[in-house]
Structure formats: structure tokens, C-alpha cells
Amino acid sequence: GGNAAGVKSFVECQRWYLAQFAHLLDRLAQTPDPQRGGSLLDSSVVVACTELGDPQLHSCTDVPFVLAGGGNGAFRTGRYLDFHCAPHQQLLVSLCRAMGVMTDSFGRTDYGTGALPGLLA
């Protein structure tokens, strides 16, 4: 609030990080997967996120996560999903399961357990 230069700098920084994320995704999409066919992006999952949902308020709720890649068929792509403030531990459990680690928890279990419903294909 009131620090326009600081907000501008923060936005520029976030844009740079997301441009690097997009560059990585482009490179993965352009690189063939020699073992599975398709591209490396098809057989990978790349996660982008921030540590805060609202940086100005330093709020740790409603933190956006972007998952890119098919995870070798573990994820259906091209969707926007809203899990209504589900704890990120459930996202991490989902990622573990996509990689073959069958677990019900990740980190502090008092924040939540289990996978995010509907995330995995």
C-alpha cells in the first residue's frame, strides 16, 4: 500500500520468474523423450508457485500453483482447478503418487492428508 515503486519491482521480478518457467516448458516441449516417445514435457511435471497468496498482505492462503506437463499420463492437462483453500500438503501427496510413491501424507499431517480429489488422471 503506497509503495508503487516496490509493487512495480515485485511485478517485474515475478514476470521474470514466470518467463523462465515458460522458457523451461518450451524447451521440454521441444525435446523428444527417447524412452517413452512424445516430449519431455509429456513425461514430466513442473511446478511453479509463490510462497504467498497475497504478497502485499503476506497472506499464506489461496496460494496459486501451476502444474505443467503430463507426468507420463498421471495428469490431464489444459485444466484450471480450484481446490478451495486445500492445504498444499495434498498437492504434494498427489505429486508423490504421480511418481509412484504411495503415501497419504507429506509434512505436517494436521494441515491435511490424502491427495487432491480429481487432480490425478
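Provided above is the structure to which this section pertains.
Please read these numbers as outputs of a predicted model, since none were measured by experiment. (Residues numbered from 1 in each chain as written. Predicted model: local features only at pLDDT ≥ 70, side-chain atom pairs only at ≥ 80, totals over all residues. Heavy atoms only, no water.)

Student: Residue-level account of the pattern of salt bridges, with values.
Tutor: Close approach of charged atoms allows side chains with opposite charge to pair. Applying the stated rule across the entire model yields three salt bridges. Of the charged contacts, one joins E12 and K8 as a salt bridge, the two residues approaching to 3.8 Å between their closest N and O atoms. Of the two residues, E12 and K8 both sit in helix 1 (residues 4-30), four residues apart, roughly one turn of that helix. Residue class for E12 comes out partly exposed when judged on its relative accessible area of 45%. We note a salt bridge from D110 to R108, for which the minimum N-O separation is 2.7 Å. (Salt bridge = Lys/Arg side-chain N within 4 Å of Asp/Glu carboxyl O. Helix = DSSP H or I, 4+ residues; strand = E, 2+ residues; numbered from the N terminus. Buried < 20%, exposed > 50% of the residue type's maximum accessible area, 1.4 Å probe, protein only.)

Student: For the packing of aromatic side chains, give the residues involved together with the corresponding values.
Tutor: Per the stated rule, a full pass over the model turns up one aromatic pair. Note on W16 and Y17: the rings are 5.2 Å apart at their centroids and 75 degrees apart in plane angle, and the pair reads as edge-to-face. Since its relative accessible area comes to 48%, Y17 is described here as partly exposed. (Phe/Tyr/Trp six-rings, centres within 6.5 Å; stacked < 30°, edge-to-face > 60°.)

Student: Pulling in residues and values, what's your account of the layout of surface pockets?
Tutor: Reported here for the largest pocket is a volume of approximately 970 Å³. Lining the largest pocket are 31 residues; nearest its centre among them are V63, P64, F65, F83 and L91. At the level of elements, strand 2 (65-68) and helix 2 (88-98) are the ones that each hand at least two residues to the lining of the largest pocket. Classifying every residue of the lining of the largest pocket by side-chain character gives 18 nonpolar, eight polar and five charged. (1 Å grid on protein atoms, 1.4 Å probe; cavity = no way out; pocket = protein on both sides within 12 Å on 5 of 7 lines; lining within 4 Å. Points joined across faces, edges and corners; volume = space filled by probe spheres on them. Nonpolar A, V, L, I, M, F, W, Y, C, P; charged D, E, K, R; others polar.)

Student: Provide a residue-level description of the side chain of S94, including the pertinent values.
Tutor: Of note, S94 is situated in helix 2. A distance of 3.0 Å separates a polar atom in the side chain of S94 from the backbone oxygen of Q90. Not counting chain neighbours up to four residues away, the residues in contact with S94 comprise A115, L116, L119 and L120. (Polar contact = N/O pair within 3.5 Å; in protein donor to acceptor, adjacent residues only side chain to side chain. Contact = heavy atoms within 4.5 Å.)

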